[in-house]
Amino acid sequence: CGLSIIVENLIHNINIGMTPEIMIQDINELSKNTQSFLFPKSIQEIYKNGSTKGDRSINLKDYLLGSALDIKPIIFGYRGNTELIAKAKGFENGLKQIIEIVKKQINNNRLLINHISTSYGGDFDEIRNEPAWVKLEDMAKSKSIVLTLNKMSPTLMVNVGIGAFGLSFISEKI
């Protein structure tokens, strides 16, 4: 969803008649400040794919404990780097933690554009019925922020598993 927020903003800029030169500058600047968060529904795919690619952010012990206790990583992406920033027990708690991060950015007026892009690798009603999502929708509407919910790409789902949730916004690094 990090790329989709740039594309959605580009479409907006085309619609308002921005010149190509300014659009290129805008894309370059916004891409430097795109922050993305990912929360899997299951850690199996992240562990399996990460270990084959040399990523050791989830080791065998974390995988076994996380699977047994329903604890999953919240992964942060910024400027081409990813890192584990938190862990959450259960999908609802992970979703809530990610949404709290963006709500804090909204409350502190830190968004560089009034747009939040999300993606989900499952049935959208599963997300739309989550209390944390409903609160984010209400906050976005009250602050005139565009909130999009997109289908997660098949490529990303292969790497992180079905049912993963991603959220991106553009602001100075948190």
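Now for a description of the structure that goes with this document. (Residues numbered from 1 in each chain as written. Predicted model: local features only at pLDDT ≥ 70, side-chain atom pairs only at ≥ 80, totals over all residues. Heavy atoms only, no water.)

**What about the sheet that holds strand 5 (residues 146-151)?**
Here comes step 1: The six strands lie next to each other as 3-2-1-6-4-5, forming an open sheet whose pairing is mixed. Strands at the two margins of the open sheet, each flanked by one partner only, are strand 3 (81-89) and strand 5. Adjacent strand axes in the sheet meet at a mean angle of 20 degrees when their direction is disregarded.
Here comes step 2: Here strand 1 (residues 34-39) pairs with strand 6 (residues 165-170) via six bridges, running antiparallel. Residue Gln35 lies in a different strand from strand 6, and its bridge partner there is Phe169. (Pairing = 2+ DSSP bridges. Helix = DSSP H or I, 4+ residues; strand = E, 2+ residues; numbered from the N terminus. Axes fitted to C-alpha atoms, helices over the stretch in contact; angles between N-to-C directions.)

**A short note on the pattern of salt bridges**
Here comes step 1: Taken as a whole and judged by the stated rule, the model has six salt bridges.
Here comes step 2: For Lys32, the salt bridge identified is with Glu29, shortest N-O distance 3.9 Å. Highlighted residues: Lys32 and Glu29, both in helix 2 (residues 20-32), separated by three residues, approximately one helical turn.
Here comes step 3: Overall, Lys32 belongs to the partly exposed group, its relative accessible area being 42%.
Here comes step 4: Owing to a relative accessible area of 43%, Glu29 belongs among the partly exposed residues under this scheme. (Salt bridge = Lys/Arg side-chain N within 4 Å of Asp/Glu carboxyl O. Buried < 20%, exposed > 50% of the residue type's maximum accessible area, 1.4 Å probe, protein only.)

**Some words on the pairing of strand 6**
Here comes step 1: Burial runs high along strand 6: six of the six residues are buried.
Here comes step 2: Inspection of the sheet shows strand 4 (residues 115-120) paired to strand 6 by four bridges, in the antiparallel sense. Residue pairing across strands places Ser117 opposite Ser168, the latter belonging to strand 6.

**Some remarks on the packing of helix 1 (residues 2-15) against helix 2**
Here comes step 1: Between helix 1 and helix 2, whose axes approach to 11 Å, the crossing angle comes to 155 degrees. The angle between helix 1 and helix 2 places the two elements in the roughly antiparallel class. The handedness of the crossing between helix 1 and helix 2 comes out as right-handed. Side by side, helix 1 and helix 2 meet where Ile6, Asn9, Leu10, Asn13 and Ile14 of the first sit next to Met23, Asp26, Ile27, Leu30 and Ser31 of the second.
Here comes step 2: Here the residues of the contact of helix 1 with helix 2 sort into six nonpolar, three polar and one charged. (Parallel < 35°, antiparallel > 145°, perpendicular 65-115°, else oblique. Left-handed = near helix turned anticlockwise from the far one by under 90°. Contact = heavy atoms within 4.5 Å. Nonpolar A, V, L, I, M, F, W, Y, C, P; charged D, E, K, R; others polar.)

**Thoughts on the packing of aromatic side chains**
Here comes step 1: Within the structure shown, the criterion is met by six aromatic pairs.
Here comes step 2: Seen in terms of ring centroids, Phe37 and Phe76 are 5.0 Å apart; in terms of plane orientation they differ by 40 degrees. Their pairing is tilted. Note that Phe37 is positioned in strand 1 and Phe76 in strand 2 (residues 71-78), a separation of 39 residues in sequence.
Here comes step 3: With relative accessibility at 2%, the residue Phe37 sits in the buried group.
Here comes step 4: Between Phe39 and Phe91, the aromatic rings sit 5.7 Å apart at their centres with planes inclined by 40 degrees, giving tilted as the arrangement. With Phe39 in strand 1 and Phe91 in helix 5 (residues 91-107), this pair connects stretches of sequence that are 52 residues apart.
Here comes step 5: Assessed through its relative accessible area of 1%, Phe39 is described here as buried.
Here comes step 6: Relative accessible area serves as the criterion here: at 11%, Phe91 is assigned to the buried category. (Phe/Tyr/Trp six-rings, centres within 6.5 Å; stacked < 30°, edge-to-face > 60°.)

**Let's talk about the environment of Met157**
Here comes step 1: Relative to the assigned elements, Met157 resides in helix 8 (residues 154-160).
Here comes step 2: Remark: the alpha-carbon pair of Met157 and Gln25, spanning 132 residues in sequence, is separated by 31 Å.
Here comes step 3: Non-local contacts of Met157, meaning those with residues more than four positions away in its chain, are made with Gly121, Met152 and Ile162.

**A few points about the nonpolar core**
Here comes step 1: Ile116, Ile127, Leu136, Phe165, Leu167 and Phe169 are the most contacted members of the largest nonpolar core, which has 28 residues in total.
Here comes step 2: Put simply, the parts of the chain that give this core at least two residues each are strand 1, strand 2, helix 5, strand 4, helix 6 (124-128), helix 7 (131-142) and strand 6.
Here comes step 3: When neighbours within four sequence positions are excluded, Leu136 is seen to be in contact with Ile99, Val102, Lys103, Ile106, Ile116, Leu147 and Leu167. (Core = buried A, V, L, I, M, F, W, Y, C linked by side-chain atoms within 4.5 Å.)

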